[in-house]
Each structure stands twice: as C-alpha cells, then as structure tokens.
Amino acid sequence: MRVSYPALPFVLAALSAVTVLGGCSDHEPAQIRPAVAEAAAALPPGRPAIYAAALEGPEPFVRALYAVYAIDGGGLEPLPAGRDPIYGRTLNAMIGADVRKADGEVPYLNHDPICNCQDGDGLTLDSVAVTETSHTEADAAVVFTNGGETHHQTLKLLKEGQAWRVVDVLVPGEPPLTEQLLKVID
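All values derive from a computational prediction rather than experimental measurement.

Calculation notes
- Residues numbered from 1 in each chain as written.
- Predicted model: local features only at pLDDT ≥ 70, side-chain atom pairs only at ≥ 80, totals over all residues.
- Heavy atoms only, no water.
- pLDDT = per-residue confidence, 0-100.
- Helix = DSSP H or I, 4+ residues; strand = E, 2+ residues; numbered from the N terminus.
- Buried < 20%, exposed > 50% of the residue type's maximum accessible area, 1.4 Å probe, protein only.
- Salt bridge = Lys/Arg side-chain N within 4 Å of Asp/Glu carboxyl O.
- Phe/Tyr/Trp six-rings, centres within 6.5 Å; stacked < 30°, edge-to-face > 60°.

### A few points about the confidence of the model for the chain
Per-residue pLDDT for the chain has a mean of 82; in total, 75% of the residues score no lower than 70. Per-element mean pLDDT across the chain ranges from 39 in helix H1 (residues 8-21) up to 98 in strand S4 (residues 163-170).

As structure tokens, then:
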C-alpha cells in the first residue's frame, strides 16, 4: 500500500540541511542531533524515516528498520540488488554479486535478511539491545515476533560517513550472512 505524504519533500529537505550543517565530521554539534531526531520522529515508517534515523544513532536506526514491518504490507520495497543504502558497502557488493551470479534464476539470498523471512507483515519488535563496540561499530541484538514465532538475531552495524548501516546479520545456529554469501559468490 502506498501512501502520499505531501510534507515529505519538506522534511527531507530539512534533514538534508541539518546533515550539511553537520559537515563531514563524525562529531556533530549537540544542537544538530535533536533536530535530526525530531525530523526522523515526524516521518512515517519507511525509507525516509530509516535514512533519517541512520544519522541519529544505531538504536534509532534499528528501531526504524523494524518499524516498517508493523504497517500494512510490511517490509521495505526492494531497491536494485547491491544498491540499498541500509546495507554497508561490502554487504551491498555481496548481495549484488549473488544476484548477478544467479543470472536470472533465484539468488541465494531470496529473503529479507532484516526479518529473516519472506513476509514480515505484522512483525513486532520485542526488544533491541545495542552495544557500541567502537565509535563506528555496534551490535544490535534484536528480538522480534513474526507469524507467532519469536526470533533472535544480531545486526552488525557500521557507521559509514554520517550514517549507520547493516554490515552483517547473525542468526543463532547459522553462519553469518556475509559468510554464507561469500561461499555462493566465490
């Protein structure tokens, strides 16, 4: 279901201005962070809210990722393989290589790694515990319910430029997503 948000271009322009004011430094002035957080909170769940939250911090980014599953037709509209800004450069490259190697067939990664599912409609985020392992890296342990089942996984996050990105997905009992993809594209 697509919904039109007439104010969205204005909010995105404000976010762009706030981001530009922050410059290229990883140390944003204290007055800029609240402006980004306020603008992100004003957006409905979806890509613009995720992109805004990615500038805010690792926990808001993860919460915005999962918020899209709570709306009708949950999940993100797919972008061309290997070009999704929610993923880091390396993971994007691996996803793109997987699709190219499939050559028109079903690629190895044929599900949404954020929900580890085909259909996340109605998914609810139960908890998020973020551990920042460095200034630019964090692990987000998430627990969510989808289809009546509770799922646990960890999103490995990296701050690329000013925005947080998912660089790997760890599901208990499975190799990391990057390791799985590397075996396929190698």
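Picking up where we left off.
### Topic: unusual backbone geometry
At Asp103, a position not held by glycine, the phi torsion is positive, near 45 degrees. For Asp103, a relative accessible area of 66% puts it in the exposed group. A positive phi is found at Asn116, a non-glycine position, where the angle reads about 50 degrees. With a relative accessible area of 27%, Asn116 lands in the partly exposed category.

### Some words on the pattern of salt bridges
A pair can form between side chains of opposite charge whenever their charged atoms are brought close. One pass over the structure, following the stated rule, counts four salt bridges. As a salt-bridge pair, Asp84 and Arg47 come within 2.9 Å of each other at their nearest N and O atoms. Here the residue Asp84 occupies a position in the loop between helix H4 (58-67) and helix H5 (89-102), and Arg47 occupies one in helix H3 (residues 47-56), the gap between them amounting to 37 residues. With a relative accessible area of 9%, Asp84 lands in the buried category. Residue classification places Arg47 among the buried positions, given a relative accessible area of 13%. Between Glu59 and Arg63 there is a salt bridge; the shortest N-O distance is 2.9 Å.

### Observations concerning the packing of aromatic side chains
Here the structure, examined in full by the defined rule, presents two aromatic pairs. With centroids separated by 6.1 Å and ring planes inclined at 45 degrees, the aromatic side chains of Tyr66 and Tyr69 adopt a geometry described as tilted. By the ring-pair criterion, three or more aromatic residues cluster together here, those being Tyr66, Tyr69 and Phe144.

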